[in-house]
Amino acid sequence: MANEVILLDFWPSMFGMRTRIALREKGVEFEYREEDLRNKSPLLLQMNPIHKKIPVLIHNGKPVNESIIQVQYIDEVWSHKNPILPSDPYQRAQARFWADFIDKKLYDAQRKVWATKGGEQEAGKKDFIEILKTLESELGDKPYFGGDDFGYVDIALIGFYTWFPAYEKFANFSIESEVPKLIAWVKKCLQRESVAKSLPDPEKVTEFVSELRKKFVPE
Amino acid sequence: MTEKEESVKLLGFWASPFSRRVEMALKLKGVPYEYLEEDLPNKTPLLLELNPLHKKVPVLVHNDKILLESHLILEYIDQIWKKNPILPQDPYEKAMARFWAKFIDEQILTLGFRSLVKAEKGREVAIEETREMLMFLEKEVTGKDFFGGKTIGFLDMIAGSMIPFCLARLWEGMGIDMIPGEKFPELNRWIKTLEEVEAVRGCIPPRDKQIERMTKIAETIRSA
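Along each chain, residues carry numbers from 1 onward, in the same order as the chain's sequence is written. Written order decides the labels, with chains lettered from A and ligands numbered from 1. Only residues with pLDDT of at least 70 are given local features in this predicted model, and only at 80 or more are side-chain atom pairs given and counted; all residues enter the totals for whole chains, interfaces and linings. Side-chain metrics rest on all non-hydrogen atoms present in the structure, leaving aside hydrogens and water.

Before going further, it helps to examine the interface of chain B and chain A. Listed by partner, the interface residues are 25 residues for chain B and 24 residues for chain A. By convention, the term buried area covers the 1.4 Å-probe accessible surface removed from two parts as they join, with the contributions of both added. Three residues stand out in chain B for area buried against chain A, namely Leu72, Tyr92 and Phe99 of chain B, and they jointly supply 26% of the buried area on that side. Here a salt bridge means any side-chain nitrogen of Lys or Arg lying within 4 Å of a carboxyl oxygen belonging to Asp or Glu. Applying the counting rule to chain B against chain A returns 4 salt bridges. The salt bridge involving Glu66 of chain A is made with Lys102 of chain B; its shortest N-O contact spans 2.7 Å. Polar contacts here mean pairs of N or O atoms no more than 3.5 Å apart (in protein, one a potential hydrogen donor and the other a potential acceptor; neighbouring residues in sequence count only if both atoms are side-chain atoms). Here chain B is connected to chain A by 7 residue pairs in polar contact (both at pLDDT 80 or more). Counting residues per element, the side of chain B that touches chain A draws most heavily on helix H4 (residues 91-118) of chain B, which supplies 11 residues. Split into classes, the residues belonging to the side of chain B that touches chain A amount to 16 nonpolar, 3 polar and 6 charged. Note on contacts: a residue pair qualifies if any of its non-hydrogen atoms lie within 4.5 Å across the two residues. Runs of H or I in DSSP of at least four residues are treated as helices and runs of E of at least two as strands, each being numbered from the N terminus. In the scheme used here, Gly and all other residues not listed as nonpolar or charged are polar, with Ala, Val, Leu, Ile, Met, Phe, Trp, Tyr, Cys and Pro taken as nonpolar and Asp, Glu, Lys and Arg as charged.

Moving on: the UniProt feature "domain: GST N-terminal" (unreviewed entry) in chain B. Per the UniProt record, the feature "domain: GST N-terminal" (unreviewed entry) sits at residues 6-85 of chain B. In this annotation, residues 6-85 of chain B is assigned 36% helix and 21% strand; the end-to-end C-alpha distance for the span is 20 Å. UniProt positions are given in the numbering used here, feature names are shortened, and annotations may be inferred rather than shown by experiment.

Let's shift gears to the nonpolar core. Each nonpolar core is a collection of buried residues, namely Ala, Val, Leu, Ile, Met, Phe, Trp, Tyr and Cys, held together in the definition by side-chain atoms within 4.5 Å. Type-normalised accessible area, obtained with a 1.4 Å probe on protein chains alone, sets the label of each residue: buried when under 20%, exposed when over 50%, and partly exposed for intermediate values. Core analysis: the biggest nonpolar cluster contains 148 residues, and Phe128, Tyr167 and Trp185 of chain A together with Leu60, Leu137 and Trp171 of chain B have the highest contact counts within it. When near neighbours in sequence (up to four residues on either side) are disregarded, Leu60 of chain B contacts Val8, Lys9, Leu10, Val22, Leu26, Lys65, Ile66, Leu67, Ile73, Tyr76 and Ile77 of chain B. Among the nonpolar cores identified, the runner-up in size contains 8 residues, and Leu44, Met47, Val56 and Ile58 of chain A belong to it.

Residue and element names in this part refer to chain A. Aromatic pairing here means that ring centres of Phe, Tyr or Trp (its six-membered ring) are within 6.5 Å. Orientation follows from the plane angle: under 30 degrees is stacked, over 60 is edge-to-face, and everything else is tilted. Taken as a whole and judged by the stated rule, the model has 23 aromatic pairs over all chains. Pairing Phe15 with Phe160 gives two aromatic rings, centres 6.2 Å apart and planes at 85°, and the pair type is edge-to-face. Taken together, the residues Phe15 in helix H1 (residues 14-25) and Phe160 in the loop between helix H6 (152-158) and helix H7 (164-171) connect sequence positions 145 residues apart. On the numbers, 5.0 Å between centres and 70° between planes, the contact of Phe128 with Tyr167 is edge-to-face. Placement of the pair is Phe128 in helix H5 (residues 118-139) and Tyr167 in helix H7, with a sequence separation of 39 residues. Each member of the pair, Phe128 as well as Tyr167, is classed as buried.

Here we come to the UniProt feature "domain: GST N-terminal" (unreviewed entry) in chain A. With numbering aligned to this structure, UniProt lists the feature "domain: GST N-terminal" (unreviewed entry) at residues 3-82 of chain A. For residues 3-82 of chain A, the end-to-end C-alpha separation is 19 Å, with 36% helix and 21% strand making up the annotated structure.

A separate point is the UniProt feature "domain: GST C-terminal" (unreviewed entry) in chain A. Residues annotated in UniProt with the feature "domain: GST C-terminal" (unreviewed entry) correspond here to residues 88-208 of chain A. Span residues 88-208 of chain A is 76% helix and 0% strand, its end C-alpha atoms 40 Å apart.

To continue, consider the pairing of strand E3 (residues 56-59) of chain A. All names here are of chain A. Burial of E3 is two-sided: the residues Val56 and Ile58 facing one way and the residues Leu57 and His59 facing the other way are all buried. With 4 bridges joining them, strand E1 (residues 5-9) and E3 adopt antiparallel strand pairing. Its bridge partner lying in E3, Val5 is registered against His59. The sheet contact formed by E3 and strand E4 (residues 62-65) spans 4 bridges and is antiparallel. Pairing of Ile58 across the sheet is with Pro63, part of E4. Any two strands with at least two DSSP bridges between them are considered paired.

Across 4 bridges, strand E1 (residues 8-12) of chain B lies against strand E2 (residues 34-37) of chain B in parallel orientation. Bridge pairing in E2 of chain B links Leu11 of chain B to Leu36 of chain B.

Moving on, we get to the UniProt feature "domain: GST C-terminal" (unreviewed entry) in chain B. UniProt records the feature "domain: GST C-terminal" (unreviewed entry) at residues 90-217 of chain B, using the numbering of this structure. Structurally, residues 90-217 of chain B is divided into 73% helix and 0% strand, and its ends, taken at the C-alpha atoms, are 40 Å apart.

Take the sheet that holds E1 of chain B next. All names here are of chain B. Strand order across the open sheet formed by 4 strands is E2-E1-E3-E4, with mixed pairing between neighbours. The two strands at the open ends of the sheet, each matched to only one other strand, are E2 and strand E4 (65-68). Within the sheet, the average angular offset between the axes of one strand and its neighbour, ignoring direction, is 20°. Contacting E1, E2 and strand E3 (59-62), helix H1 (residues 17-28) runs over the sheet at an angle of about 155° to E1. The axes are straight lines fitted to the C-alpha atoms, using for helices just the contacting stretch, and the angles between their N-to-C directions are given from 0 to 180°.

This paragraph deals with helix H5 (residues 123-141) of chain B. Counted at 1.5 Å a residue, the expected span for H5 of chain B with its 19 residues is 27 Å, and the 27 Å between its end C-alpha atoms agrees. Regarding H5 of chain B, the residues found buried are Ala126, Ile127, Thr130, Arg131, Met133, Leu134, Leu137, Glu138 and Val141 of chain B. Expected helix span is given by 1.5 Å per residue-to-residue step, counting one fewer step than there are residues.

Attention now goes to the packing of H4 of chain B against H5 of chain B. Residues and elements named next belong to chain B. H5 packs onto H4 with a crossing angle of 160° between their chain directions and a minimal axis gap of 9 Å. Classified by the interaxial angle, the pair formed by H4 and H5 is roughly antiparallel. Our pair here, H4 against H5, has a crossing hand that is left-handed. In contact with Trp100, Phe103, Ile104, Gln107, Ile108, Leu111, Gly112, Ser115 and Leu116 of H4, H5 contributes Ala126, Ile127, Glu129, Thr130, Met133, Leu134, Phe136, Leu137 and Glu140. For the contact of H4 with H5, the per-class residue count stands at 12 nonpolar, 4 polar and 2 charged. Angle categories: roughly parallel below 35 degrees, roughly antiparallel above 145, roughly perpendicular from 65 to 115, and oblique for all the rest. Each crossing gets its handedness from the near helix: less than a right angle anticlockwise from the far helix is left-handed, clockwise is right-handed.

A few words on the environment of Asp64 of chain B. Relative to the assigned elements, Asp64 of chain B resides in the loop between E3 and E4. Placed 56 residues apart in sequence, Asp64 of chain B and Val8 of chain B show a C-alpha to C-alpha distance of 9.3 Å.

Next comes the structure, spelled out in structure tokens:
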């Protein structure tokens with residue numbers, strides 16, 4: 001059976017990065033299509049009519065939306081190599097809990113860090129650091145969140161790293177000094193081919209965020 | 001571990017759609033469990049100990065394992081107790097079920113509750129926006145007895161606990177007929193089918209009490 005995989009994505013999206021990594025972990029050939037979010041393609045609107053958001057994974061013509069759902073789907077379809085989620089139901093529930101925590105808490109907090117200023121930004125920065133510290137504590141002394149092997153929670157989190165220099169620049173702080181163990185984990189993940197190939201240059205992301213920030217925080 | 005040594009506890013709240021759906025799954029699968037009612041907003045030390053990060057119900061304790069987040073609990077239950085499976089086997093069908101579950105607890109809940117109550121663009125617009133989202137579910141359940149197909153599944157429990165047995169009570173209290181029969185024949189049929197399922201019947205919060213509660217919460221949101 002032909003396996004046609006298309007990914008509609010936007011290069012700085014930390015969500016798109018998850019799906020890119022998962023596909024590469026499994027060695028899946030896929031066609032990457034860059035979306036211009038100010039001018040969304042008819043295909044994107046057709047495949048994700050409810051949210052009209054990237055990433056959209058299209059497998060043999062059928063869309064799967066939401067990065068965290070896509071990663072699970074990829075793990076279940078291409079189950080023959082590099083398992084992303086643990087097979088034990090309890091460990092699986094724990095991994096999914098942490099990915100869910102990242103989605104619910106980290107995204108909103110980081111947004112305040114680059115898209116606001118003054119008191120709101122300070123509050124956002126405080127939340128953001130606290131969330132990273134919680135994650136660092138969950139990582140503990142393990143090489144990866146799931147233990148010895150790179151997996152689901154690592155994939156859910158790593159993309160945010162490319163935005164770290166932007167956060168540091170606009171909110172004036174050092175993430176490494178707050179969560180050094182987490183940064184060590186980042187460096188380990190970056191050595192993985194699937195990650196290195198899927199993450200954009202953080203400098204380019206900072207330029208992008210810089211432009212974006214102007215819309216929210218007029219100088 | 002033998003059946004005799006299994007211990008299942010559920011910390012829940014009578015009005016919470018999130019804990020009610022977990023009860024549905026446990027009942028459907030015939031899993032004996034001990035139910036501990038939280039007297040919200042007074043959270044017990046046990047709840048705070050078991051869920052320090054979010055401090056919310058439901059919490060499932062299976063032997064020594066602590067499970068949080070209703071969607072994750074449902075999937076865990078399905079993996080441990082194989083009778084009456086509630087998730088599809090096919091990865092695509094499963095992805096779709098997860099997608100709709102998220103849609104219900106995020107889009108439908110936000111539009112059908114907070115946005116509706118605040119009605120920043122006016123009540124009619126809020127109703128229209130909610131109905132627009134519900135139409136997606138109407139399409140999804142067309143031609144099927146349940147969202148899960150021939151038998152009740154994960155998505156039925158999530159949609160059921162949230163929509164007819166929670167949000168609909170708010171709408172009733174506000175005098176809104178959100179899902180009229182002529183616009184939503186399939187959803188209405190599905191609700192009737194759902195109410196007949198034994199595992200569901202015991203998990204429906206008492207109507208008047210729920211209307212009263214939802215109306216009170218709406219007042220708090222409006223005056224905030």
